Amino acid sequence: MIHALVAGGGIGGLATALALATAGHRVTVLERQDAFTEIGAGIQIAPNGFHALDRLGVGHAVRERAVLVDELRLMDAVTGERLTAVPVTARYRRRFGNPYAVVHRSDLHTPLLDACRTDDRIRLLPGAGLVHHTQDPAHVTATTADGRTHTGDLLIGADGIRSTVRARLLDDGPPHPTGHTIYRTLVPIADVPRHLRSNAVTLWAGPGCHVIHYTVAAGTRLNLAAVLDDGATEAVSGQPAPRATVLARFPDLAPTPRALLELGRTWRRWVLCDRDPADTWTRGRVTLLGDAAHPMLQYAAQGACQALEDAVTLGALLTHAAPDDIPARLTRYDTTRRDRTARIQLFSRRMGTDLFHPAGPHARARNNRLRPLTEDALHHRLAWLHTPQPPPHP
Ligand SMILES: Cc1cc2nc3c(=O)[nH]c(=O)nc-3n(C[C@H](O)[C@H](O)[C@H](O)COP(=O)(O)OP(=O)(O)OC[C@H]3O[C@@H](n4cnc5c(N)ncnc54)[C@H](O)[C@@H]3O)c2cc1C
């Protein structure tokens, strides 16, 4: 049995703890916050994410809380025209083995947390922000902000886009602001007129902006976000934004997306940050996972799904591992995951420029490309992204 230290108790960190415990190991999760919670709003889960959740034993619990949507719609935010829609009902579910669903973040985090809490091999330590780590040929030692030290056989940095573990491991500076601002809110479903409700993920694509919405929390709230390509250069995270500012920043919307935006009462603002794919994110007994390893713009809705895939891969590769096997197994984890996650990082950026935000002739070219696509053709285009990944053999 090995003892793993995991920095970060978000979706990636908890999934990793479960995967390693299932592989027979002991895990200590060091979480900076005083409680294990997931803030924020909605999140989409594609079948590849559900497949990973199934392998972790919590797929059923997440599906129970999820809203299974019927289609992924792309609309023109200025003309109101429907550009395309990917049906994600029976045929899609058969093809990919799981539904496409939307959840409130806590509806994904809570089942992972509950499963960790009932596993004796997992120790959850809130209020334990990692500030430093060292490694020698046999061990890693993590120091937390309260001065305590924790020793294990390996350390996994699942501490998010501003990862402390990554800073020491790769020393590649902070993530860069992408120049995209996102405003987010949740609207009680009772406040949403019936004609504005649908069982879909709907994205209104406009010149340099988009609006996206879907229901979460068992259909009781509308998750609403509006993104503007405004060249913002300073990272901002969750700052309150006046309603009037949000409405003023999206002046040219068609009546329906405009009416949706007007439903928002309390908005918050983030400036999205990103990194280029890294060549490697492993050194000896220390590796990274999830956003710490490969943060991606949310446009492909895959960041959390990729963190779940990472966790399952790591668990599979560390099955029956002895302490001496760790550096080689971590290198294999890195090379197994690197190309897929890098491709999704770059694809997510392209979705912003080519699909969601183009203007004028570029937007017309997009519309012409999308118009002839049949259901099968649309599913085929998503297959590399949404197909469940088989775990590797150790
Ligand atoms: C607007 C938006 C929409 C998104 N939509 C989707 C979507 O639809 N589908 C999808 O799959 N993904 C989506 N994502 C991406 C997804 O949210 C992330 O990829 C996912 O949350 C990453 O999980 P993580 O555990 O790697 O990191 P995080 O969620 O950032 O968790 C990191 C954890 O580490 C803790 N921590 C930080 N520093 C330390 C430290 N030094 N020591 C100890 N603990 C520490 C933090 O408190 C936190 O609990 C979206 C992202 C955004 C911004």
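The preceding data block contains the structure.
The rules behind each value
- All residue numbers refer to position in the chain's written sequence, counted from 1.
- At least 70 in pLDDT is required for a residue's local features to be given in this predicted model, at least 80 for side-chain atom pairs to be given and counted, and no such filter applies to totals for whole chains, interfaces and linings, which use all residues.
- Computation of side-chain values: all heavy atoms of the structure, hydrogens and water removed.
- Each salt bridge in this description consists of a side-chain nitrogen of Lys or Arg and a carboxyl oxygen of Asp or Glu lying within 4 Å of one another.
- Starting at the N terminus, helices and strands are each numbered in turn, a helix being any DSSP run of H or I of at least four residues and a strand any DSSP run of E of at least two.
- Whether a residue is near a molecule or strand depends on its heavy atoms: if one lies within 4 Å, it is near.
- The term polar contact refers here to a pair of N or O atoms within 3.5 Å; inside protein, the definition further demands a hydrogen-donor-capable atom paired with an acceptor-capable atom, and it admits residues adjacent in sequence only when both atoms are side-chain atoms.
- Each accessible area is a Shrake-Rupley estimate made with a 1.4 Å probe; only the visible protein chains count as cover when residues are assessed.
- Classification convention: Asp, Glu, Lys, Arg as charged; Ala, Val, Leu, Ile, Met, Phe, Trp, Tyr, Cys, Pro as nonpolar; all other residues, Gly among them, as polar.
- With a 1.4 Å probe rolled over the protein chains alone, any residue whose accessible area is under 20% of its type maximum counts as buried; one over 50% counts as exposed, and the rest are partly exposed.
- Two strands pair under a simple rule: DSSP has to find at least two bridges between them.
- Comment: axis = line fitted to C-alpha atoms, over the contacting stretch for helices; angle = value between 0 and 180 degrees taken between N-to-C directions.
- In what follows, roughly perpendicular refers to angles from 65 to 115 degrees, roughly parallel to angles under 35, roughly antiparallel to angles over 145, and oblique to any angle outside these ranges.
- In a left-handed crossing the near helix is turned counterclockwise from the far helix by less than a right angle, and in a right-handed crossing that turn is clockwise.
- Pairs of residues are marked as contacts when any of their non-hydrogen atoms sit within 4.5 Å.

S.K.: Is there a simple way to explain the pattern of salt bridges in this structure?
M.R.: Pairing between side chains of opposite charge can happen when the charged atoms of each approach one another. Scanning all chains against the criterion turns up 20 salt bridges. Arg-91 is paired through a salt bridge with Asp-376; the nearest N and O atoms lie 2.8 Å apart. In this pair, Arg-91 sits in helix α4 (residues 90–96) while Asp-376 sits in helix α12 (residues 375–386), placing the two residues 285 residues apart along the sequence. When the shortest N-O distance is used, the salt bridge between Arg-340 and Glu-309 registers 2.8 Å. Of this pair, Arg-340 sits in helix α10 (residues 326–356) while Glu-309 sits in helix α9 (residues 303–317), and the two are 31 residues apart along the sequence.

S.K.: Help me understand the site of the ligand, please; the structure alone is not making it clear to me.
M.R.: By nearness alone, 29 residues border the ligand, and Gly-12, Glu-31, Gln-44, Arg-105 and Asp-291 come closest of all. Taking Thr-164, its side chain carries an N or O atom lying 3.2 Å from a nitrogen atom of the ligand. Measuring from an oxygen atom of the ligand, one finds a backbone N or O atom of Ala-304 at 2.9 Å. Within the complex, the protein chains bury 87% of what would otherwise be the 1,000 Å² of accessible surface of the ligand. Broken down by secondary-structure element, the contributors of at least two residues to the shell around the ligand are α1 (11–22), β3 (42–45), β13 (176–188) and α9. It is α9 that contributes the most residues to the shell around the ligand, three residues altogether. Among the residues making up the shell around the ligand, the classes are represented as ten nonpolar, 13 polar and six charged.

S.K.: I tried to follow the pairing of strand β10 (residues 140–144) on my own but got confused; where do I start?
M.R.: Side-chain positions along a regular strand alternate between the two faces of the sheet. Residues Val-140, Ala-142 and Thr-144 of β10 are buried on one face, while the alternating residues Thr-141 and Thr-143, pointing to the opposite face, are not. One ladder, built from five bridges, connects strand β9 (residues 130–135) with β10; its direction is antiparallel. Following the sheet pairing, His-132 is matched in β10 by Thr-143. Taking the residues between adjacent antiparallel strands as the criterion, β9 and β10 are bridged by four residues. Bridge count for β10 against strand β11 (residues 149–152) is four bridges, and the pairing is antiparallel. Counterpart to Thr-141 in the pairing with β11 is Thr-151.

S.K.: Quick question: what am I supposed to make of the pairing of strand β15 (residues 209–216) here?
M.R.: Within β15, eight of the eight residues are buried, which leaves the element mostly enclosed by the surrounding structure. Side chains Cys-209, Val-211, His-213 and Thr-215 project from β15 onto one buried face, and the interleaved His-210, Ile-212, Tyr-214 and Val-216 project onto a second face that is buried too. Where strand β14 (residues 200–206) and β15 come together, five bridges link them in antiparallel fashion. Pairing of Leu-203 across the sheet is with Ile-212, part of β15. Pairing of β15 with strand β16 (residues 221–232) involves eight bridges; the strand directions are antiparallel. Looking at the pairing, Ile-212 lines up with Ala-225 of β16. What sits between β15 and β16 in their antiparallel hairpin is a turn of four residues, with Ala-217 showing a positive phi close to 50°.

S.K.: Sorry, what's going on with the packing of α9 against α10 here?
M.R.: Two quantities define a packed helix pair, namely the angle between the axes and the distance from one axis to the other. Relative orientation of the contacting elements α9 and α10 amounts to 160°, with a least axis distance of 9 Å. In terms of orientation, α9 and α10 fall into the roughly antiparallel class. By crossing handedness, the relation of α9 to α10 is classed as right-handed. Along the contact surface, α9 presents Gln-306, Glu-309, Asp-310, Thr-313, Leu-314 and Leu-317, while α10 presents Arg-329, Leu-330, Arg-332, Tyr-333, Thr-336, Arg-337, Arg-340, Thr-341 and Ile-344. Residues that form the contact of α9 with α10 fall into these classes: five nonpolar, four polar and six charged.

S.K.: When you look at the packing of α1 against α9 in this model, what are you seeing that I'm missing?
M.R.: Contact geometry for α1 and α9: axes closest at 8 Å, N-to-C directions at 20°. On the basis of the axis angle, α1 is roughly parallel to α9. The chirality of how α1 crosses α9 is right-handed. Facing Ile-11, Gly-12, Ala-15, Thr-16, Ala-19 and Leu-20 of α1, the residues of α9 in contact are Ala-304, Ala-307, Leu-308, Ala-311, Leu-314 and Gly-315. Residues of the contact of α1 with α9, tallied by class, amount to nine nonpolar, three polar and no charged.

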